[in-house]
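Structure at a glance
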Amino acid sequence: MTEFKGTTIIGVKRDGKIAIAGDGQVTMGQQVVAKGNAIKVRRVFNDKVVVGFAGTVSDAFSLTNRFEELLHKFSGNLMRSAVELAIGFRDDKYARKLDCMMIVADKDQMFIVSGGGDVIEPEHGIAAIGSGGNYALSAGLALMNNTDLTAKEIAIKAIEIAGSICIFTNDHITCEEV
């Protein structure tokens, strides 16, 4: 059975703001664009947290839902919720590893969370995931180091650059800022 995959998500932290942007392409297998206007970046937890996800669609929704449940359990504590989600996978509390990753952010922090139980805080204020993630990360780092663009402007421009290189990334961009 063919899986739906393919996306690019980037998070950028600059000047007290964090922006997460993602493209809208959903790819079926290696050859078919199944949808071009998917929304893979959204606000959760009363709009205080932004989540961008990449990977198998059903797994991404499952990971996002579990993460939001933990945000409610831990009163919006982003780090604690991310770590508890990872512990759930490491302790085999969840039946299987999920084939997806997400970038999560509130007004102060940003993390990459994987469906296998990893939590990573980006070193240089930029995190990127998905098939075009490395392209977006490279573009984001160059823009961060060589321009005065805002976090949101860098995130959007990095997705545009990734989309010009990665066939699994398009220019239907959703961006949320906290």
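Our subject is the structure that appears above.
Read on for an overview of the structure. Model, not experiment: these values are computed from the prediction. (Residues numbered from 1 in each chain as written. Predicted model: local features only at pLDDT ≥ 70, side-chain atom pairs only at ≥ 80, totals over all residues. Heavy atoms only, no water.)

**Here we look at the overall build of the protein chain**
In terms of helices and strands, the protein chain carries four helices and 12 strands. The C-alpha atoms of the protein chain give 15 Å as radius of gyration, which agrees with the globular expectation for 178 residues (16 Å, within 12%). Along the three orthogonal principal directions, the C-alpha set of the protein chain runs to about 45 × 40 × 25 Å. Buried positions account for 49% of the 178 residues belonging to the protein chain. When contacts within the protein chain are restricted to residue pairs at least 6 apart in sequence, long-range pairs at least 24 apart make up 61% of them. Within the structure as shown, the protein chain displays about 8700 Å² of accessible surface, and the carbon and sulfur contribution to it stands at 49%. (Helix = DSSP H or I, 4+ residues; strand = E, 2+ residues; numbered from the N terminus. Rg over C-alpha atoms; globule rule 2.2 N^0.38 Å. Buried < 20%, exposed > 50% of the residue type's maximum accessible area, 1.4 Å probe, protein only. Contact = heavy atoms within 4.5 Å. Areas by Shrake-Rupley, 256 points an atom, 1.4 Å probe, with all protein chains shown as cover.)

**Section: the pattern of salt bridges**
Throughout the structure, instances matching the rule amount to five salt bridges. Close ionic contact of R80 with E84 constitutes a salt bridge, the shortest N to O distance being 3.4 Å. In this pair, R80 and E84 both sit in helix 2 (residues 78–90), four residues apart, roughly one turn of the helix. Residue classification places R80 among the partly exposed positions, given a relative accessible area of 41%. Assessed through its relative accessible area of 25%, E84 is described here as partly exposed. Between E160 and K157 there is a salt bridge, with the nearest N and O atoms lying 3.8 Å from each other. (Salt bridge = Lys/Arg side-chain N within 4 Å of Asp/Glu carboxyl O.)

**A closer look at the sheet that holds strand 10 (residues 119–120)**
Strands sit in the order 6-7-8-9-10 across an open sheet of five strands; the sheet is antiparallel. Each having just a single partner strand, strand 6 (41–44) and strand 10 make up the two edges of the open sheet. Examined bridge by bridge, strand 6 and strand 7 (residues 49–55) share four bridges and lie antiparallel to one another. Residue pairing across strands places V44 opposite V49, the latter belonging to strand 7. Helix 1 (residues 57–73) contacts strand 6, strand 7, strand 8 (100–105) and strand 9 (110–114) of the sheet and is inclined by roughly 155° relative to strand 7. Sitting on the sheet, helix 2 is in contact with strand 7, strand 8, strand 9 and strand 10, with an inclination near 15° to strand 9. (Pairing = 2+ DSSP bridges. Axes fitted to C-alpha atoms, helices over the stretch in contact; angles between N-to-C directions.)

**Quick look at the side chain of R14**
Within the secondary structure layout, R14 lies in strand 2 (residues 8–14). Here R14 is buried and forms no salt bridge, its nearest opposite-charge partner D15 lying at an N-O distance of 4.5 Å. From its side chain, R14 meets the backbone oxygen of T147 in a polar contact 3.2 Å long. Within the structure, R14 has its side chain in polar contact with the backbone oxygen of L149 (distance 2.7 Å). Beyond its immediate stretch of four places on either side in the chain, R14 contacts L143, M144, T147, D148, L149, A151 and I154. (Lys, Arg positive; Asp, Glu negative; His and termini not counted. Polar contact = N/O pair within 3.5 Å; in protein donor to acceptor, adjacent residues only side chain to side chain.)

**Focus: helix 1**
Compared with an ideal rise of 1.5 Å per residue, which puts 17 residues at 24 Å, helix 1 spans 24 Å between its outermost C-alpha atoms and is within 8% of the ideal. Looking at helix 1, one finds that the buried residues are D59, A60, L63, T64, F67, L70 and L71. Projected down its long axis, helix 1 carries its buried residues within an arc of 130°, all on one side. Exposed residues lying more than 90 degrees from the buried face of helix 1 are E69 and K73. Residues of helix 1 that are buried sit in contact with strand 6, strand 7, helix 2, strand 8 and strand 9. (Expected span 1.5 Å × (residues − 1). Arc of directions from axis to C-beta.)

**Some points on the sheet that holds strand 12 (residues 174–177)**
With respect to topology, four strands assemble into an open sheet ordered 11-2-3-12, the strand pairing being antiparallel. Both edges of this open sheet fall to strand 11 (126–130) and strand 12, since each of them pairs with a single strand only. Put simply, the sheet's adjacent strands are angled 10° from each other on average, direction ignored. Judged from the six bridges that link them, strand 2 and strand 3 (residues 17–22) form a sheet pairing that is antiparallel. Bridge pairing in strand 3 links R14 to K17.

That is the geometry; function is a separate question.
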